[in-house]
Amino acid sequence: MDDEIHVVERFSTTIDWGGIGIEHVYGAYSGEKALALLDRFSIDIVITDIQMPGMTGLQLIAEIQRRWPKTKCILLSGYSDFNYAKEAILYRTEDYLLKPVTEQALIETVRRVMEKLRLEWEEVVSRQRLASALKEHMPTLRGSLLGDLLQGRKLAGSALGDSMQMLGLEHFNDGKSFALMMIRLEEYFLRYDAHSLSLMEYAIGNMVEELFGDRLDSWYTKDAHDYLVFVMTGKEGSVWTTDDSTWFERTASTLQTAVSNYLKGKISILVSPWGSFPTDLSDLYGRSVAAFRQTIGGEKELFVRLRDDPGRKDVQPLPSLYEPPTLIHLLEAARWDSIEEKLAHLFGELEKRGAESQEQLLEVYFSIASAYAYIVHKSGRSLPDLMGEDYDKMIKGIPYRSLNQLKEWTIGTLNRIRDDMNRETKHSRDSLINDIRTFVEQHMAEDVSLQSIADHVHLHPVYVSKIYKLETGDNLSDYVHRVRMDKAEYLLKHGQSKIYEIAALLGYLRPHSFNHAFKKQFGITPQEYRDRYS
């Protein structure tokens with residue numbers, strides 16, 4: 001930014017900043033306006049003059065360093081006095097350039113500062129800092145991973161092993177025996193606020209470590225039902241036998257007593273039989289949740305052991321229908337490839353079960369239909385308009401009696417939803433592009449900065465810039481510049497306005513800025529162009 005308006009215009013509009021990786025350039029004509037921009041946008045580099053009305057460049061740099069220490073500053077000045085350079089160094093200015101500054105010198109300086117920024121951010125994400133951040137957030141990350149595994153989320157290839165190793169859980173290795181211990185907090189605990197309750201849960205986790213830690217490693221999370229779920233496995237190098245199950249259950253009972261005596265609260269505990277990690281994890285968890293509901297129910301301070309034999313069930317649930325990410329979440333995110341993969345897996349699971357169950361077909365149909373209705377209504381659309389005859393079948397209660405019928409309906413409806421959403425997105429973006437172009441053409445003599453355009457369409461400037469680039473292949477600033485130059489050509493060839501009048505009509509605050517931009521585009525000045533072509 002600079003108080004000499006033509007310098008600001010020349011540097012912000014005529015230099016090919018995109019060629020060196022600069023996405024957005026903002027211009028300001030005072031320190032106060034520059035700070036207002038910095039408040040709204042994430043700006044990496046600031047170029048400022050020393051002498052400005054009101055706040056000086058050095059004062060601006062000092063304020064930037066106080067509020068945004070990662071932002072780099074480059075100082076421009078016509079003064080060669082060493083005191084200015086000395087002050088600039090004290091304010092950690094990246095460079096001090098004497099005017100007049102050539103574009104090449106400025107570009108090289110900016111390129112060097114960008115490289116310094118890149119190296120600094122590489123340091124931020126270096127292994128040492130990552131290790132420190134990882135250690136700080138380790139409990140949350142461990143709990144999140146366990147929650148995903150309990151819900152049946154599958155991690156492809158070696159992803160699970162890599163995640164376990166990163167989180168220090170490599171002793172929970174593939175195929176190792178484990179048992180679940182689920183704890184429900186009851187009387188007294190329910191009176192606590194969220195913060196106090198989290199402290200109590202942390203205390204229970206410490207009690208588990210104290211009581212079981214000599215023989216078992218534990219890994220826990222809090223699930224969607226507010227149960228504390230612990231995965232317990234033998235210490236590295238130890239051999240766990242079925243005889244040790246008695247000790248495990250007795251120790252769990254001791255935990256129940258300790259919580260009552262020392263935390264003054266009641267808990268119910270359920271322990272599972274032993275399974276193989278991670279294959280049996282989701283199944284044991286699902287059975288444990290069901291057992292809590294069916295066996296413990298609303299009773300307090302009970303201790304239950306989950307049966308080894310889950311018992312015969314005429315109809316088995318379909319894990320792939322409910323495991324995250326759910327169909328609703330995928331539809332909301334418009335992740336079409338993932339939706340198709342999930343549906344293919346679901347129908348494959350149904351096919352493997354052999355004989356088609358009308359109950360399970362209905363279960364799948366109702367779940368998918370519910371997700372489709374949700375996303376269609378959230379988009380402000382109606383089911384009859386989108387589904388046509390299939391909607392008539394729904395309201396008449398005609399079931400899909402075969403898997404092939406259900407698959408055909410599911411994929412057909414999905415394609416209609418996808419096409420409708422894509423059309424809506426395309427229409428919305430086309431309207432936005434037309435609105436932007438109309439605004440630029442009608443306000444050329446006024447402010448057509450990215451900020452003014454974004455204010456007009458009521459969107460964030462970064463979003464406006466990215467959508468314009470995505471839809472047209474052009475940078476918005478390039479479009480504005482092209483419109484100005486096209487109009488300049490027409491006015492110079494066919495109009496009688498003076499050069500300074502044309503500059504004003506095109507939104508240049510100084511004729512000098514217009515002359516510079518035009519010559520850079522056409523290789524000659526506006527007057528030379530008029531003399532040659534008019």
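The notes below deal with the structure included here. Given the structure is predicted, the values throughout are model-derived calculations rather than measurements.

1. Focus on the side chain of T109
- Here T109 shows up in helix α5 (residues 103-124).
- Apart from the residues within four sequence positions on either side, T109 is in contact with I74, D95 and L97.

2. So, the sheet that holds strand β3 (residues 95-98)
- A sheet is described by the order of its strands in space; here 3 strands give the open sequence β1-β2-β3, paired in parallel fashion. Two strands close off the open sheet at either side, each with one partner strand: β1 (45-49) and β3. When strand polarity is set aside, the average angle formed by the axes of neighbouring strands in this sheet is 20°.
- Here strand β2 (residues 72-77) runs beside β3; their pairing, made up of 4 bridges, is parallel. From the neighbouring strand, I74 faces β3, where its bridge partner is D95.

3. Here we look at the packing of aromatic side chains
- Applying the stated criterion across every chain, the model contains 21 aromatic pairs.
- Judged by centre distance (5.7 Å) and plane angle (45°), the rings of Y372 and W409 are tilted. One end of the pair, Y372, is in helix α15 (residues 358-378); the other, W409, is in helix α18 (residues 403-442), with 37 residues separating them in the sequence.
- Y372 gets classed as buried once you look at its relative accessible area, which sits at 1%.

The rules behind each value
Residues numbered from 1 in each chain as written. Predicted model: local features only at pLDDT ≥ 70, side-chain atom pairs only at ≥ 80, totals over all residues. Heavy atoms only, no water. Helix = DSSP H or I, 4+ residues; strand = E, 2+ residues; numbered from the N terminus. Contact = heavy atoms within 4.5 Å. Pairing = 2+ DSSP bridges. Axes fitted to C-alpha atoms, helices over the stretch in contact; angles between N-to-C directions. Phe/Tyr/Trp six-rings, centres within 6.5 Å; stacked < 30°, edge-to-face > 60°. Buried < 20%, exposed > 50% of the residue type's maximum accessible area, 1.4 Å probe, protein only.

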